[in-house]
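Observations on the model geometry
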Amino acid sequence: MSMWYMNDEREAVLATTREFVRDEVAPRALEVDARNEFPLDLFRRAGELGLIGITVPEADGGLGMDQTTNALVLEEIAKACPVLTVAMGAHILLAGGMLQLLGTPEQKSTWLAPAATGEIILACGQTEAVGGDDQGEYTTRATLDGDEWVINGGKVLVSNIGVANCYVIVAVTAQQPDPVTKTGLSAFIIPADTPGFGVGKDENKLGWNGSATGSLSFSNCRIPKENLLGERDQALQAMFVSATAEFLSCGPVSLGIAEGAFQMARDYSMQRIQMGQTQFDRFQVTRHKLVKMYTQIESLRALVFSTYAQRDAGELELARGRLLKVEGSRVAEEVGREAIQIFGGVGTIVETGVERFWRDGKVMAIGGASAEALVEAVSAMMRKGLI
Ligand SMILES: Cc1cc2nc3c(=O)[nH]c(=O)nc-3n(C[C@H](O)[C@H](O)[C@H](O)COP(=O)(O)OP(=O)(O)OC[C@H]3O[C@@H](n4cnc5c(N)ncnc54)[C@H](O)[C@@H]3O)c2cc1C
């Protein structure tokens, strides 16, 4: 059945993605998870196939296609290997989004164009050990010294570290960031080999294994004045907009996670035979669990693609974009959990490959922003009468 949001162009991109996932991504997915190793080969290949820079304008080296096409790609990849979409998101939506919104033509041609084709990898460092969701507390500071910015401080839980060629980071540049005007933070481009810039180890995490997530340090790290991205003290608006793109993307990624888990559980229940009957035919509770999972998936699909359609029509979708991450992570977690339950004992074995969907769904509710902080942000929009 063709969905209402499909067209010929999207079908063509989806067909390329399906082939890539079937032949190259799916066979590597368990290994990436088990080794917690950034899937560099898959990332480069996705770039070669044009699947990374889909929404980057043609003038900046991308394909200039719409957001819905990107959502289809992310959903398809997440069905097999969610972490690859996480790497792509941190790279092109967070860091790439900041470059696209704030970059000069020169900065874009140096960093964004090769990023759109996956030739170089970007990371985006915002989170700090103290500030977390609240950027008002950031302590990483940049001061201008002649023709150079000098950066001191550190970031935590940044993805794509070590493999990235370039880091887009934010630092405090005002004496005191202004909580009312939200000014005082600036964005900077840090090439990976900059002296005084340090990269920590990949954390050993619950999920998103292979996202190469860890800390960054700045110790009298000097970069040329020209590496300021956008206007001094004015980074917050671009952080908000690029983060919204990333929250939106958590909708199709969560959808893919839930579908991956559901498909495995449905197939297993129809193959497992006990007392001469399949599990599906024997237990009403299994059948009903699967129908509930299917219903959750289809409800999420409706929310995802109607929100993306609005985004493609020019709406920013600030509130619904955030809700895609909130609702998406909830569905991914719940469907992942029930899939393990349907598998029973073998579902708890890592090599079975089903429990990782639940782990990845759990991290989806935190990585990038916690679901609670997003609900709080949406409630503030409600208070202002925006929704
Ligand atoms: C795997 C992974 C990858 C990541 N990749 C990146 C990256 O590439 N770049 C980057 O900059 N960061 C990245 N992060 C960091 C991520 O964005 C933060 O973990 C997230 O924003 C939450 O911040 P925190 O961890 O400091 O938690 P805190 O801010 O300490 O929050 C802890 C808990 O408090 C509650 N809470 C916090 N704020 C609010 C609020 N406003 N309203 C209601 N409740 C609230 C929530 O329950 C939340 O879970 C990543 C995180 C993970 C886990």
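Preceding block: the structure.
Residues numbered from 1 in each chain as written. Predicted model: local features only at pLDDT ≥ 70, side-chain atom pairs only at ≥ 80, totals over all residues. Heavy atoms only, no water.

1. Digging into the nonpolar core
Ranked by size, the top nonpolar core spans 108 residues in total, and within it Leu84, Met98, Ile151, Tyr167, Ile169, Phe188 and Ile190 carry the most contacts. Tallying contributions element by element places helix α6 (residues 236-271) first for this core, with 13 residues. Those residues within four positions of Met98 in sequence are excluded, and the remaining contacts are Gly103, Val168, Val170, Ala187, Leu229, Ala238, Met239 and Ser242. Counting six residues, the second-largest nonpolar core is a separate cluster that includes Ala243, Phe247, Ala371 and Leu374. (Core = buried A, V, L, I, M, F, W, Y, C linked by side-chain atoms within 4.5 Å. Buried < 20%, exposed > 50% of the residue type's maximum accessible area, 1.4 Å probe, protein only. Helix = DSSP H or I, 4+ residues; strand = E, 2+ residues; numbered from the N terminus. Contact = heavy atoms within 4.5 Å.)

2. Some details on the pairing of strand β4 (residues 166-172)
A regular strand places its side chains so that they alternate between the two faces of the sheet. β4 sits mainly inside the fold: seven of its seven residues count as buried. Of the two faces of β4, the one carrying Cys166, Val168, Val170 and Val172 and the one carrying Tyr167, Ile169 and Ala171 are both buried. One ladder, built from four bridges, connects strand β1 (residues 122-125) with β4; its direction is parallel. In the sheet register, Gly125 faces β4, and the bridge partner there is Ile169. Here β4 runs beside strand β5 (residues 185-191); their pairing, made up of seven bridges, is antiparallel. Note on β5: the bridge partner recorded for Val170 is Ala187. (Pairing = 2+ DSSP bridges.)

3. Focus: the side chain of Lys155
Relative to the helices and strands, Lys155 is located in strand β3 (residues 148-158). Here Glu128 takes part through its side chain, which lies 2.9 Å from a polar atom of the side chain of Lys155. (Polar contact = N/O pair within 3.5 Å; in protein donor to acceptor, adjacent residues only side chain to side chain.)

4. Here's the deal with unusual backbone geometry
Phi is positive for Met275, close to 50°, though the residue is something other than glycine. As for its position among the elements, Met275 is in the loop between β9 (273-274) and β10 (277-278). Its relative accessible area of 73% is what places Met275 among the exposed residues. One non-glycine residue, Glu317, lies in the positive phi region at around 55°. Residue classification places Glu317 among the buried positions, given a relative accessible area of 12%.

5. Let's talk about helix α4 (residues 82-102)
Side chains that are three or four residues apart share a direction in an α-helix, a result of its 3.6 residues per turn. The end-to-end C-alpha separation of α4 is 29 Å, in line with the 30 Å expected for 21 residues at 1.5 Å each. Counted residue by residue, α4 has 19 buried out of 21 residues, so it is predominantly covered. (Expected span 1.5 Å × (residues − 1).)

6. Looking at a nonpolar patch on the surface
Taken together, the side chains of Met382, Leu386 and Ile387 present a nonpolar region at the surface, about 340 Å² in accessible area. Along the polypeptide, Ile387 turns up in the segment after α11 (371-383). The class of Ile387 is exposed, set by a relative accessible area of 52%. (Patch = residues over 30% accessible without salt bridge, like charges linked within 9 Å, V, L, I, M, F, W, Y side chains within 5 Å. Areas by Shrake-Rupley, 256 points an atom, 1.4 Å probe, with all protein chains shown as cover. Salt bridge = Lys/Arg side-chain N within 4 Å of Asp/Glu carboxyl O.)

7. Here's the deal with the state of the cysteines
Cysteine pairs can be covalently joined through their sulfur atoms, and such a bond is termed a disulfide. For the structure on display, the rule yields zero disulfides. We note that Cys221 lacks a disulfide partner, and the nearest cysteine sulfur, in Cys166, lies 12 Å from it. (Disulfide = S-S within 2.5 Å.)

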